[in-house]
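Each chain, letter by letter, is given below.
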Amino acid sequence: MTTRSPKQALDAAVEAGRLAPSVHNTQPWTFAVTGEEIGLKADTARKLAVSDAAGRELLISCGAALFTMRTAMRCQGYEPVVRILPDPDRPGLLATIRPGAESEPDEPTRVLGGEIERRHTHRAGFADVPVPDQLVESLVRAAMSEGGKLTPVRSPEAVDVLAALTRAAQGVQTQDQKFSLEIVRWSRPPGSARADGMPADDQPRESAPAESAFPQRRYSWRHGWSAPSGRDEAATGVVAVMTTRDDGRAEWLATGQALQHVLLHASAHGVSAAFHTQALEMDLLREFLRQELFSGEYPQMIMRLGVAPDGEETPRRPLSDVLE
């Protein structure tokens, strides 16, 4: 094994962490390096004040960054030492991570690390290619190893319920000016040099067949931005829901770590994810799902998994913006 210095491991972890997925690509995190320890902090100025008032999606995003940093540190040859919510008097400090004992990264870790830059989110229908059951089962185990429960939704009736509630939630949100303006805030116009937000050229076509089942966000709301051509994949893919037994800050961070483990593992097998958080951003609908579909467990993420063309690189804030 090529031995890396602790500083190299810290640098690699921070560089990887900023590549994690986040709600609306808000990238709501900063990293503070003190000695040989990284502090992962919530950037509350980037919180979605309307759709995520409690900060649940913000912490899920930061949890994804934490798993990415853990993976990068392992790939550098160090076992990460992590503390979650280490200081009650500093609620913005979500976790600390430092390099512990030197250790040879195993093959699964190397595979996950190799997907950090390649992984991308898909925002349309999928190709009509089945996701193998064996892969889905391995994704379930990956989530479980991080404290999350990933449940593939096999019942067509349950899929219909999730799709209908997603459409209903989006319909209500579209009529709410505050929701709509929040979406506009994180919309990235064509040709923009912004390093965050959702690019306009990532919009699914209005006529895409899959849109009738699980609608995507309309980041081009009231704009004349056109969507790219050629995005006519129609398959829904495998619908899955991430749940937790409890519903606090620790569980939200665990959800993010479980989610990123799932996404990197899926990416290594040519599978991408599309996210649908609309219904989970409305308390009444989220509680309905908890009680009626998920046996009292709290739904944290609704997603579809499937095979899609390679996506374009999503913009990321430069290191100077996220490093304290």
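Reading the values: the criteria
Residues numbered from 1 in each chain as written. Predicted model: local features only at pLDDT ≥ 70, side-chain atom pairs only at ≥ 80, totals over all residues. Heavy atoms only, no water. Helix = DSSP H or I, 4+ residues; strand = E, 2+ residues; numbered from the N terminus. Expected span 1.5 Å × (residues − 1). Buried < 20%, exposed > 50% of the residue type's maximum accessible area, 1.4 Å probe, protein only. Arc of directions from axis to C-beta. Axes fitted to C-alpha atoms, helices over the stretch in contact; angles between N-to-C directions. Parallel < 35°, antiparallel > 145°, perpendicular 65-115°, else oblique. Left-handed = near helix turned anticlockwise from the far one by under 90°. Contact = heavy atoms within 4.5 Å. Nonpolar A, V, L, I, M, F, W, Y, C, P; charged D, E, K, R; others polar.

K.L.:
Help me understand helix H5 (residues 156–175) in this model?
P.N.:
An α-helical turn contains 3.6 residues, so any two residues separated by three or four positions project in the same direction. With 20 residues, H5 extends 29 Å between its outermost C-alpha atoms, agreeing within 8% with the 28 Å of an ideal straight helix rising 1.5 Å per residue. Of the residues making up H5, those classed as buried are Ala158, Val159, Leu162, Ala163, Leu165, Thr166, Ala169, Gln170 and Gln173. Seen from one end, H5 has its buried residues packed into an arc of 165°, which puts them on one side. Along H5, the residues that are exposed and aim more than 90 degrees away from the buried face are Pro156, Glu157, Asp160 and Gln175.

K.L.:
Help me out: how do you make sense of unusual backbone geometry in this one?
P.N.:
Note: most peptide bonds trans; most residues except glycine with negative phi. With a phi close to 55°, His24 is a non-glycine residue in the positive phi region. Mapping His24 onto the fold places it in the loop between helix H1 (6–17) and strand S1 (29–34). The exposure class of His24 is buried, given its relative accessible area of 5%. One non-glycine residue, Gln27, lies in the positive phi region at around 50°. Along the chain, Gln27 falls in the loop between H1 and S1.

K.L.:
Help me understand the packing of helix H2 (residues 56–75) against helix H7 (residues 249–267) in this model?
P.N.:
When two helices pack together, their arrangement is captured by the angle between the axes and the distance separating the axes. Two elements in contact, H2 and H7, have axes separated by 6 Å at closest approach and are oriented at 50°. When the axes of H2 and H7 are compared, the pair comes out oblique. In terms of crossing hand, the pair formed by H2 and H7 is right-handed. For the pair formed by H2 and H7, the contact residues are Arg56, Leu59, Ile60, Cys62, Gly63, Ala64, Leu66, Phe67, Thr68 and Arg70 on the first element and Arg249, Trp252, Leu253, Thr255, Gly256, Gln257, Leu259, Gln260, His261 and Leu264 on the second. Among the residues making up the contact of H2 with H7, the classes are represented as ten nonpolar, seven polar and three charged.

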